[in-house]
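Tertiary structure, described
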Amino acid sequence: MGAIVASLFGLLFGTLAIGAWIGIALLATAIGLAMLFTGLPVDRLFPQYLFNILTTPDLVALPLFILMGEFLFRTRLSETLFSGLAPWAGLLPGRLLHVNVVGCSIFAAISGSSAATTQVVGRMTLKELLARGYSPDLAIGSLAGAGTLGFLIPPSTVMIMYGVLANESILRLFTAGFIPGVLLALVFAVYIMIRASAKPDLVPENERALRHMPFRQRLAALRDLGPVMFLILCVLGSMYGGLATPSEAAALGVVGAFLVSLSQGALNLRALRDILLGTVQTCSVMGIIILGASVLGNITSTLGIPGAVANVVTDWNLSPMLLIVALIVLYLVLGTALEGFSMIATTLPVVLPLVEAAGFDKIWFGIFMVLVVEMAQITPPVAFNFAVIQNITARSTAYIARVTFPFLLIMIGFAIMLAVFPGIVTFLPNLLLG
């Protein structure tokens, strides 16, 4: 078994070292292990794997949510979100800084992507907040932290990937992510209120007048949230209303995003070309990663690697909580070198048997995985949210990492809290879906 494990890591890191894409590296590792240690007819099994994995019904939702995100990226939703939320955020300590958190939470419910959420919300909020005199540290840090909610609040492309690889229900995962996503957003908001109350100069003096805005004006601002609410109704409303499966809800979301783009004048031939090209490119990369991870998972299971690793870890006599802490540390380290999808693809075949042996539910672990993937979004040097914010603000990675660090600590503490109280994750899917 030692030779097999050594070959696994040697092949994987060797192909990554020569610059291969992560999906290609996973496939090459799986094929290499099969040829070295099994008598499997790889030339006949590979096409069968390819067909079975890429025609999984649950996987249909993934390209549809990506297509919806491409449509929304070119709309004026950032402007309407800001104008609709600003009058209400002005009632809280921290004032318009809460637009980052609430705006990201709302957009997360229609996009399924962390980077898209950060980009759409941030390109309007950061410009306004910095121009009005808000603290750059808290404005940028709160956007980077809240932007990660794009993966936790359903729908989520990461949840779809995990569900396919772990053979779990996408709808249960979406339902399980709702309460943790809302709670994490509330924790971010509370942190902003505490910081703003302890240090009032983080908020410009003239912004305190927002508390005295007429109530009629606040109500009128809600009209600007109409397009977003329409999209949430298309996606989440159709799913939880029992009218559509996740894949069908994704298709409704694409239709809704198309209509919103059309109504806002954001569509032309050039935009349509860019939308379709961006969707195909993203889907191709993710498809190769999912294929590679699935094939590698099947090969490693055939060779008994997950069971052997589980036995070794069991011999260490780690408590379930220590195992979770160890996994958080592992994924924080991996997050400095790999993006979220690659982290799931490379580790899930080995890690999932460990957490199941420790007594954790697969749905719970799916939400935990989403949380650690979110941490990877704000863990330099490979931090996609940082790259998005750099494009908007031209700030250095070191600066963005420093101002985002408190939000990273909040997420680590939140992940541990979910391990202590797993019912936060499992309550809603058990209640609604049995």
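Everything that follows concerns the structure shown earlier in this document.
About the thresholds
Residues numbered from 1 in each chain as written. Predicted model: local features only at pLDDT ≥ 70, side-chain atom pairs only at ≥ 80, totals over all residues. Heavy atoms only, no water. Helix = DSSP H or I, 4+ residues; strand = E, 2+ residues; numbered from the N terminus. Rg over C-alpha atoms; globule rule 2.2 N^0.38 Å. Areas by Shrake-Rupley, 256 points an atom, 1.4 Å probe, with all protein chains shown as cover. Buried < 20%, exposed > 50% of the residue type's maximum accessible area, 1.4 Å probe, protein only. Polar contact = N/O pair within 3.5 Å; in protein donor to acceptor, adjacent residues only side chain to side chain. Patch = residues over 30% accessible without salt bridge, like charges linked within 9 Å, V, L, I, M, F, W, Y side chains within 5 Å. Salt bridge = Lys/Arg side-chain N within 4 Å of Asp/Glu carboxyl O. Phe/Tyr/Trp six-rings, centres within 6.5 Å; stacked < 30°, edge-to-face > 60°. Lys NZ or Arg CZ within 6 Å of the ring centre and 35° of its normal. Axes fitted to C-alpha atoms, helices over the stretch in contact; angles between N-to-C directions. Parallel < 35°, antiparallel > 145°, perpendicular 65-115°, else oblique. Contact = heavy atoms within 4.5 Å. Nonpolar A, V, L, I, M, F, W, Y, C, P; charged D, E, K, R; others polar. Left-handed = near helix turned anticlockwise from the far one by under 90°. Expected span 1.5 Å × (residues − 1).

**Some remarks on the overall build of the protein chain**
Looking only at helices and strands, the protein chain features 22 helices and zero strands. Its C-alpha atoms give the protein chain a radius of gyration of 22 Å, within 12% of the compact-globule value 22 Å for 434 residues. Overall, the C-alpha framework of the protein chain stretches about 75 × 50 × 45 Å when taken along its three principal axes. Here the protein chain displays about 17900 Å² of accessible surface, and carbon together with sulfur accounts for 68% of that area.

**Side note on the side chain of Q264**
Looking at the secondary structure, you find Q264 in the loop between α14 (246-263) and α15 (269-303). For Q264, a relative accessible area of 14% puts it in the buried group. Of note is the side chain of Q264, whose polar atom sits 2.6 Å from the backbone nitrogen of R76.

**Quick notes on a nonpolar patch on the surface**
On the surface, V325, V329, V333, I416, M417, V420 and F421 cluster together to form a nonpolar patch covering roughly 560 Å² of accessible area. Every element with two or more residues in the nonpolar patch is listed here: α17 (320-334) and α21 (397-420). Tracing the backbone through its elements, the reader meets M417 in helix α21.

**Let's talk about the packing of aromatic side chains**
Inspection of every chain in the model, using the stated rule, returns nine aromatic pairs. Arranged with centres 5.5 Å apart and planes meeting at 15 degrees, the rings of W364 and F368 form a pair that is stacked. Taken together, the residues W364 and F368, both in helix α19 (residues 362-377) and four residues apart, mark about one turn of the helix. Like W364, the residue F368 is buried in the burial classification. Among the aromatic side chains, those forming a connected cluster through ring pairs are Y162, F360, W364, F365 and F368. In this structure, R395 is placed above the aromatic ring of Y399, and the distance from its NZ or CZ to the ring centre is 4.6 Å.

**Examining the pattern of salt bridges**
Applying the stated criterion across every chain, the model contains five salt bridges. The residue K362 makes a salt bridge to E168 at a minimum N-O spacing of 4.0 Å. Taken together, the residues K362 in helix α19 and E168 in the loop between α10 (157-166) and α11 (170-198) connect sequence positions 194 residues apart.

**Some remarks on the packing of helix α8 (residues 136-147) against α11**
Packing of α8 against α11 brings their axes to within 11 Å, and their N-to-C directions diverge by 170 degrees. Looking at the two axes, α8 sits roughly antiparallel to α11. Mapping the contact onto sequence places L138, S142, G145 and A146 in α8 and F188, Y191, I192 and R195 in α11. When the residues that make up the contact of α8 with α11 are grouped by side-chain class, the tally is five nonpolar, two polar and one charged.

**Some words on the packing of α11 against α21**
Geometrically, a packed helix pair is captured by the angle between its two axes and the distance between the axes. The contact between α11 and α21 brings their axes to 11 Å, and the two run at 140 degrees. The angle between α11 and α21 falls in the class oblique. Judged by the twist between their axes, the crossing of α11 over α21 is right-handed. Contacts between α11 and α21 involve P180, L183, L184, V187, F188 and Y191 on the former and, on the latter, P406, F407, I410, M411, F414 and L418. Considered class by class, the residues forming the contact of α11 with α21 number 12 nonpolar, no polar and no charged.

**Quick look at helix α22 (residues 423-433)**
Taken as a whole, α22 has its buried residues at I424, V425, T426, L428 and P429. Each element contacted by the buried residues of α22 is listed here: α11, α19 and α21. In the stretch just after α22, G434 is the one whose phi turns positive, near 85 degrees.

**Here we look at helix α5 (residues 77-89)**
In an α-helix there are 3.6 residues to a turn, and that puts residues three or four apart on one side. Across its 13 residues, α5 extends 17 Å between first and last C-alpha, which sits within 8% of the 18 Å expected from 1.5 Å per residue. Residues of α5 that are buried include every one of L77, S78, T80, L81, F82, G84, L85, A86, P87 and A89, and no others. If you follow the buried residues of α5, they end up packed against α4 (61-73), α6 (98-111), α7 (114-132), α12 (215-221), α13 (226-240) and α14.

**Side note on unusual backbone geometry**
Leave glycine aside and you will find that most residues have negative phi; peptide bonds, for their part, are mostly trans. Note the cis peptide between P154 and P155, where omega equals 0 degrees. Note that P155 resides in the loop between α9 (149-152) and α10. Phi is positive for R95, which is not a glycine, with a value near 50 degrees. Relative to the helices and strands, R95 is located in the loop between α5 and α6. In the Ramachandran plot, A394 falls in the positive-phi region, its phi being about 65 degrees despite a non-glycine side chain. Along the chain, the position of A394 falls in the loop between α20 (384-393) and α21. We classify A394 as exposed; its relative accessible area is 70%.

**A few points about the environment of I179**
With respect to the element layout, I179 can be found in helix α11. Here I179 falls in the partly exposed class, since its relative accessible area comes to 24%. With 156 residues separating them in the primary sequence, I179 and G335 have C-alpha atoms 25 Å apart. Once residues lying within four places of it in the same chain are set aside, the contact partners of I179 are I424, F427 and L428.

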